[in-house]
There are 2 protein chains.
Amino acid sequence: MSSDPLVVFTPSGKRGRFPKGTPVLTAARQLGVDLDSVCGGRGICSKCQITPSYGEFSKHGVTVADDALSEWNSVEERYDQKRGLKPGRRLGCQAQVMGDVVIDVPAESQVHKQVVRKAASARVIQMDPATRLYFVEVDEPDMHEPTGDLERLERALREQWQIEAVRADLTLLSKLQPVLRKGKFQVTVALHKSHKDNVARILEVWPGLHEGGLYGLAIDLGSTTIAAHLTDLETGEVMASSGIMNPQIRFGEDLMSRVSYAMMNPGGDREMTTAVREAINTLAEEIAKEAGIDANLIVETVFVCNPVMHHLLLGIDPVELGQAPFALATSESLSLNAPELDLTAINDRARIYVLPCIAGHVGADAAAVALSEEPGKSEDLALIVDVGTNAEILLGDKSRVLACSSPTGPAFEGAQISSGQRAAPGAIEAIRIDPVTKEPRFRVIGCDKWSDEEGFWEETSVTGITGICGSGIIEAVAELRMAGLMDASGLIGSAEQTGTPRCFPEGRTNAYLVHDASAEGGPKITVTQGDIRAIQLAKSALYAGARLLMDERGVDKVDRVVLAGAFGAHISALHAMVLGMIPDVPLEKVTSAGNAAGTGARIALCNIGARAEIEKVVRQITKVETAIEPKFQDHFVAANAIPHKTDPFPELARIAPLPNPSFNTGGDTGGEDGGRRRRRRRA
Amino acid sequence: MSSDPLVVFTPSGKRGRFPKGTPVLTAARQLGVDLDSVCGGRGICSKCQITPSYGEFSKHGVTVADDALSEWNSVEERYDQKRGLKPGRRLGCQAQVMGDVVIDVPAESQVHKQVVRKAASARVIQMDPATRLYFVEVDEPDMHEPTGDLERLERALREQWQIEAVRADLTLLSKLQPVLRKGKFQVTVALHKSHKDNVARILEVWPGLHEGGLYGLAIDLGSTTIAAHLTDLETGEVMASSGIMNPQIRFGEDLMSRVSYAMMNPGGDREMTTAVREAINTLAEEIAKEAGIDANLIVETVFVCNPVMHHLLLGIDPVELGQAPFALATSESLSLNAPELDLTAINDRARIYVLPCIAGHVGADAAAVALSEEPGKSEDLALIVDVGTNAEILLGDKSRVLACSSPTGPAFEGAQISSGQRAAPGAIEAIRIDPVTKEPRFRVIGCDKWSDEEGFWEETSVTGITGICGSGIIEAVAELRMAGLMDASGLIGSAEQTGTPRCFPEGRTNAYLVHDASAEGGPKITVTQGDIRAIQLAKSALYAGARLLMDERGVDKVDRVVLAGAFGAHISALHAMVLGMIPDVPLEKVTSAGNAAGTGARIALCNIGARAEIEKVVRQITKVETAIEPKFQDHFVAANAIPHKTDPFPELARIAPLPNPSFNTGGDTGGEDGGRRRRRRRA
């Protein structure tokens, strides 16, 4: 008697011998091969498609005969006629092992498939969502053995899927009976498994096999913008991404103004909570419409946000976050039901996961960056900077990770800048100043060409040139320095000193004219001394935060820098370093992680293990409080200058210090320091 | 060196040796003595009061010196001055063991104190509520070790009370920060421990030591009446009891009419759900007001109800309960939050416990009766009958318990009776007919005297004599039989046959005049042949249900009978047996359990272990479905007569059968049987 047939699965390489007649799905399950199935092997969901290979496979030492699998059967025939199977594909639950065989599990048949992120980073997201679909056949009620419909559904899940500890909300219970009967006691349930208590919650139930998909939202709730990614929970695909202004802006542009609003107005926190929850509902409706899906199929939402937004989302008065010791009401992650946040636009029973906060100033958004960029798994020492109104800074490697936040203010986002504007069509996003002619050229959002390239003016005639956005102002300041138009203290030279009429007096200081659109009714776009001071304040705060972490870690350089944040993606590493935003590292060691916080939210949405992981990681992070650290002030003051000694472009030093002592930065520093201290509390 | 002092606690008898200086509370805890403490030994809650005994205690073999405890200290002095301590009392957390001592723990200092029920039964309720108060000192926030306020509260509960796995709803989180600060980081929390998952939920938090008490509602949600007992969760005391009409009556008097309403009117189930929830809110407000407590201190509510009310309370369309196979949406117990049932009158975070249902016809009310009366612990075979519009019947002893429900209809409650009315002042509740004179005497609700006693007419002149309630009609029918005015088939004799003008013709049959109040503008109160038929139907259904269980059990007699239900308390055992409502047992073996379902609710409210117990018991009960059992019909038909052979009063047999064959009950029986069958489905 010959031995049982050998089955080898690719790409896993798992192998084993099974009696003739064993369904491929059964063999896969026994070997722990990652082969999907919603219907449990009933030949109706088609999730278990496999591709058998025939011929000889020296790598696996197997010769596969043509009859290594049972013949194409009527279930497969029916499925193929109804929905179509790709050539060479079989249904794993129908095809039986008859001889030695090599079976490939295509990516779309794997539960734990990997999703390649679109962002620059090469990391992939491994699919292992908290919520999955299960098809079950439920026993019909029997008067002689009275049990509830829910209890029989629970028994079916236990017997057919080995799922214990099932729970159902009242809202589900109230629809269970008609759905069971409509589906003739065959139903598909969406089950959410908690990573905390291993309880499986029934989020939704459909009659028969549900093929309409299952979706989740990853939401990056920022002070200014709320961004959402609608994600397919089966494939990990981002179906649509959309953003909306945070309506809380009407209560205050920055976080501290909102905290003040809550303090000054009884019920003010409640107003802001209502506003942001309504906006999230609007966003959810819009994004579902955009993707053409039923918003009721959105069964999970993951939030990342800073601590003030965190509290305002949750309906907690943020007043404690506005004053030392900046106590959070809770720092742990939260698992909630959609109605607790009044999220009526999505499924009634949708589960909400809010990432943990790191500290009173370092929020769930920073935790999401840590989840996305994984400094704690880095071999070399990485500095990760998430640039926004508030910068989140992480420094670490495998041995230890530190975190702080730094109150950079809104200058990096183009706010409080004379010609500044939000990143929108018409905004100058990149700028170069010729070191010889001192003439600028630039690029605006909405046009790929530089201003000295042919066709630029035609292509920008609709939007016009309307202002400078965050990345543009950073480049402008750095370029002024590199073109020798500004000294190390940040003072712009006069037309005489610099030899260009683009430098012109404005008040007691000088400004630089980037572009005069006034002939066409547009603005006169300039970089003023005040703009440079604002950028200096911001970059000093950022640099001081990074330095503080380096001090705590006991190093004076880092191996690499990661710029995160939607804005981080647009910052030129060269200009950031010239400006002294970040410590010096070789240029090729500066990378952009894109919207790392949003990516972290997506990871937590698609992978339940990532939730447990980030909760553990956050506890291990060393929190550094910039507000009470005297060294932060020292670093802040020291960082005010545009770097000189470490300057890779020594020719920039040629402008002599200006003769007028009133332009000396010494006096300003104190003032800036004071301003810094005030603003720090708002972080 | 002498050995450590011996400490003996009474009444437990627990004893042990402790080093001099050990606080009594500490000694009690180490020995597992049931000594309460909310403040954890800080000398502020006074829950740990004990009474040391001095002198010689031969029983315990201890001689107690006057200085066996440390001296009265300043904490006790302050407490005594502020609140007063009973003479001889000490605070267990302050008094230290200095020598051999006998210490009594008074009942009010025991957590698991026993509460004597007011009902006839001698059983006591052992206090072990799911929700208890804990005073904690919480660490203040520290910028250098940032943690959330909730996490520090959780740590305090872990370290000071060894409580793990604490959860808090968003609504609690939103008030936590101000309360912690108001209490200078000393707070009292109400913690609810689940018997299912061992999770401790923070239901409420107060600054400092909360001394305002903690309350729960035990609610018996009937088809007609909603009754609530407001219970002190610390002492078990019932602070107030109150009832309210079930407003669903406007959608249908009986349960089947309500199921029909739901079937015929889209959204009709929702209307009825809203109505009953609003009524419960009203009831909760009223009962809190009556007891003079803040309704916000009601942190738990337990519900018992029949399956249709169960579904309508939960917001589940009861349509499946109106047709075979009578499938419940869920039969298991439910643990919910108050907002899930729109219970806005009590604490936002109050926990709701709904007892499990036994079957589609045998509800959580029957489960509550099983919890209260414990047939499964009975040494002899007990038949427990909860009489209402629907009778719940339990039969069992230690070896096995069976349950069914039987559709008695509303006759036992005075409905569908010609002079019938609800039990209210003015209603005849007891009646006796002189076997010689055939004259009646009676008692009405609101007056303790019989109608032949002096002062009766004066005392009842305000209410008047308005009708007959359930217990009155049962007695009237039994008395008619005992007075020889009615034959075994239930026919009332004529004036000639009976020799009394109180028997008078009405249509083709006779009626009996109980009282003619028409001279004073009141009604003419009679018992008609139709009334007797209605009572015969009801009692036959009840008896048939009991017999069916006896058949299933294989017995033809029971050892004892327990009449439960608010109505059961008023039924005379003698009359019930004459009528044939219940199987024959010696009269002294018939007891009333009062409102056993309500008591079951109170037990589940006061003792967390009772919840686990009843969930287990319900699974073990054998469910018998009367609707599909042919023997039920046989028993029903056979039970129609007013017993004869087993009649303890043979002289009642003297009325000869009436000559007119149209008065023979044979024809009626078929009709009654048909009516029975129709009504049965509504059970």
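Draft legend 1. Up close: the overall build of chain A. Each helix and strand in chain A was counted, giving 17 helices and 33 strands. In terms of principal-axis extent, the alpha carbons of chain A reach across some 100 × 65 × 55 Å. Burial analysis of chain A (683 residues in total) assigns 53% to the buried set. Counted over contacts in chain A with a minimum sequence separation of 6, partners at least 24 positions apart contribute 68%.

Draft legend 2. Highlighting the interface of chain A and chain B. The partner chain B presents 35 residues to the 35 residues of chain A that form the contact. Mapped by element, the contributors of at least two residues to the side of chain A that touches chain B are helix H3 (149–161) and helix H4 (170–182) of chain A. Per-element tally for the side of chain A that touches chain B: the top contributor is H4 of chain A, with 5 residues. Partitioned by chemical class, the residues of the side of chain A that touches chain B number 18 nonpolar, 9 polar and 8 charged.

Draft legend 3. Focus on the relation of the copies chain A and chain B. Once turned by 179° and shifted 0.1 Å along the axis, chain A lies on chain B with an RMSD of 0.2 Å. Overall, the copies show the geometry of a two-fold rotation axis. Every residue of chain A has its C-alpha some distance from the rotation axis, and the shortest such distance is that of Asp 197 of chain A, at 4.7 Å. Mapped onto chain B, 100% of the interface residues of chain A again fall at the interface, so both copies present the same surface.

Draft legend 4. Expanded view of the sheet that holds strand E1 (residues 6–10) of chain B. Residue and element names in this part refer to chain B. Strands sit in the order E2-E1-E9-E4-E7 across an open sheet of 5 strands; the sheet is mixed. At either margin of the open sheet sits one strand with a lone partner, and together these are strand E2 (15–17) and strand E7 (90–91). Pairing between E1 and strand E9 (residues 101–104): 4 bridges, direction parallel. Its bridge partner being in E9, Phe 9 is matched across the sheet by Ile 103.

Draft legend 5. Layout of helix H1 (residues 24–31) of chain A. All names here are of chain A. Among all positions of H1, only Val 24, Leu 25, Ala 27 and Ala 28 are buried. With its buried residues spanning 160° around the axis, H1 presents them on a single face. On the buried face of H1, the contacting elements are strand E1 (6–10), strand E2 (15–17), strand E3 (22–23), strand E4 (49–53), strand E8 (96–97) and strand E9 (101–104). Looking one or two residues past H1, Gly 32 carries a phi angle of roughly 75°, positive in sign.

Draft legend 6. Region of interest: the sheet that holds strand E25 (residues 427–433) of chain B. All names here are of chain B. The strand order across the open sheet formed by 3 strands is E26-E25-E27, and the pairing between neighbours is mixed. In this open sheet, the two edge strands, each paired with only one partner strand, are strand E26 (440–444) and strand E27 (467–468). The strands that helix H10 (residues 470–482) touches are E25 and E27; relative to E25, the one it contacts most, it runs at about 15°.

Draft legend 7. Molecular detail of the pairing of E9 of chain A. When E4 of chain A meets E9 of chain A, the two strands line up antiparallel, connected through 3 bridges. Bridge pairing in E9 of chain A places Ser 53 of chain A opposite Val 102 of chain A.

Draft legend 8. Representation of helix H14 (residues 596–606) of chain B in the model. Most of H14 of chain B sits out of view: 11 of its 11 residues are buried. Three or more residues of H14 of chain B are buried, namely Ala 596, Ala 597, Gly 598, Thr 599, Gly 600, Ala 601, Arg 602, Ile 603, Ala 604, Leu 605 and Cys 606 of chain B.

Draft legend 9. Structural context of the pairing of strand E31 (residues 560–564) of chain B. Residues and elements named next belong to chain B. Of all 5 residues in E31, 4 are buried; the element is thus mostly enclosed. As paired strands, strand E22 (residues 382–386) and E31 are joined by 5 bridges and run parallel to one another. Looking at the pairing, Asp 386 lines up with Ala 564 of E31. Sheet topology places E31 next to strand E32 (residues 590–594); 4 bridges connect them, and they run parallel.

Draft legend 10. Quick peek at unusual backbone geometry. Residue Thr 10 of chain A is joined to Pro 11 of chain A through a cis peptide bond whose omega torsion reads 5°. Cis geometry is found at the peptide bond from Ala 324 of chain A to Pro 325 of chain A, where omega equals 0°. A positive phi angle is found at Ser 46 of chain A, which is not glycine, with a value near 65°. Under the C-beta neighbour-count criterion, Ser 46 of chain A is labelled buried, with 24 such atoms within 10 Å. With phi around 60°, Gln 416 of chain B is a residue other than glycine that occupies positive phi space.

Draft legend 11. Geometry of the domain arrangement of chain A. Splitting chain A by domain gives domain 1 (6–109), domain 2 (114–207), domain 3 (215–354), domain 4 (368–410 + 534–680) and domain 5 (414–505 + 515–523). On a C-alpha basis, the centres of domain 2 of chain A and domain 5 of chain A stand 57 Å from each other.

Draft legend 12. The packing of helix H5 (residues 255–264) of chain B against helix H6 (residues 268–291) of chain B, seen in detail. All names here are of chain B. Contact geometry for H5 and H6: axes closest at 6 Å, N-to-C directions at 130°. The pairing of H5 with H6 is recorded here as oblique in orientation. Seen from H5, the contacting residues are Arg 258, Tyr 261, Ala 262 and Met 264; seen from H6, they are Gly 268, Asp 269 and Met 272. Partitioned by chemical class, the residues of the contact of H5 with H6 number 4 nonpolar, 1 polar and 2 charged.

Draft legend 13. Broad picture of the environment of Thr 231 of chain A. Residue and element names in this part refer to chain A. Within the fold, Thr 231 resides in strand E17 (residues 225–232). Classification of Thr 231 by C-beta neighbours within 10 Å gives buried; the count is 29. Setting aside chain neighbours within four positions, we find Thr 231 in contact with Tyr 215, Gly 216, Ala 218, Gly 236, Glu 237, Val 238, Met 239, Arg 602, Leu 605 and Cys 606.

Draft legend 14. Local environment of the packing of helix H8 (residues 364–373) of chain A against helix H15 (residues 608–620) of chain A. Residues and elements named next belong to chain A. For the pair H8 and H15, the least separation of the axes is 10 Å and the interaxial angle reads 110°. Taken together, the axes of H8 and H15 lie roughly perpendicular to each other. Relative to H15, the crossing made by H8 is right-handed. Listed contacts from H15 to Ala 367, Ala 370 and Leu 371 of H8 are Ala 610, Ile 614, Val 617 and Val 618. Here the contact of H8 with H15 is built from residues that sort into 7 nonpolar, no polar and no charged.

Draft legend 15. Expanded view of the environment of Thr 26 of chain A. Residue and element names in this part refer to chain A. Mapping Thr 26 onto the fold places it in helix H1. A tally of 16 C-beta atoms within 10 Å means that Thr 26 is categorised as partly exposed. Residues Thr 26 and Cys 93, spaced 67 residues apart in sequence, show a C-alpha to C-alpha distance of 7.3 Å.

Draft legend 16. Molecular detail of the environment of Cys 503 of chain B. Residue and element names in this part refer to chain B. The residue Cys 503 is located in strand E28 (residues 503–506) in this model. Here Cys 503 falls in the buried class, since 22 other C-beta atoms lie within 10 Å of it. A sequence separation of 420 residues divides Cys 503 from Arg 83, and the C-alpha atoms of the two residues are 69 Å apart. Residues in contact with Cys 503, not counting those within four places in the same chain, are Leu 485, Ile 492, Gly 493, Ser 494, Ala 495, Thr 498, Asn 510 and Tyr 512.

About the criteria used
- Residues numbered from 1 in each chain as written.
- Chains lettered and ligands numbered in written order.
- Predicted model: local features only at pLDDT ≥ 70, side-chain atom pairs only at ≥ 80, totals over all residues.
- Helix = DSSP H or I, 4+ residues; strand = E, 2+ residues; numbered from the N terminus.
- Buried ≥ 20, exposed ≤ 12 C-beta atoms within 10 Å, placed from the backbone.
- Contact = placed C-beta atoms within 7 Å.
- Nonpolar A, V, L, I, M, F, W, Y, C, P; charged D, E, K, R; others polar.
- Least-squares fit on C-alpha atoms with pLDDT ≥ 70 in both.
- Pairing = 2+ DSSP bridges.
- Arc of directions from axis to C-beta.
- Axes fitted to C-alpha atoms, helices over the stretch in contact; angles between N-to-C directions.
- Domains from an automatic or database assignment.
- Parallel < 35°, antiparallel > 145°, perpendicular 65-115°, else oblique.
- Left-handed = near helix turned anticlockwise from the far one by under 90°.

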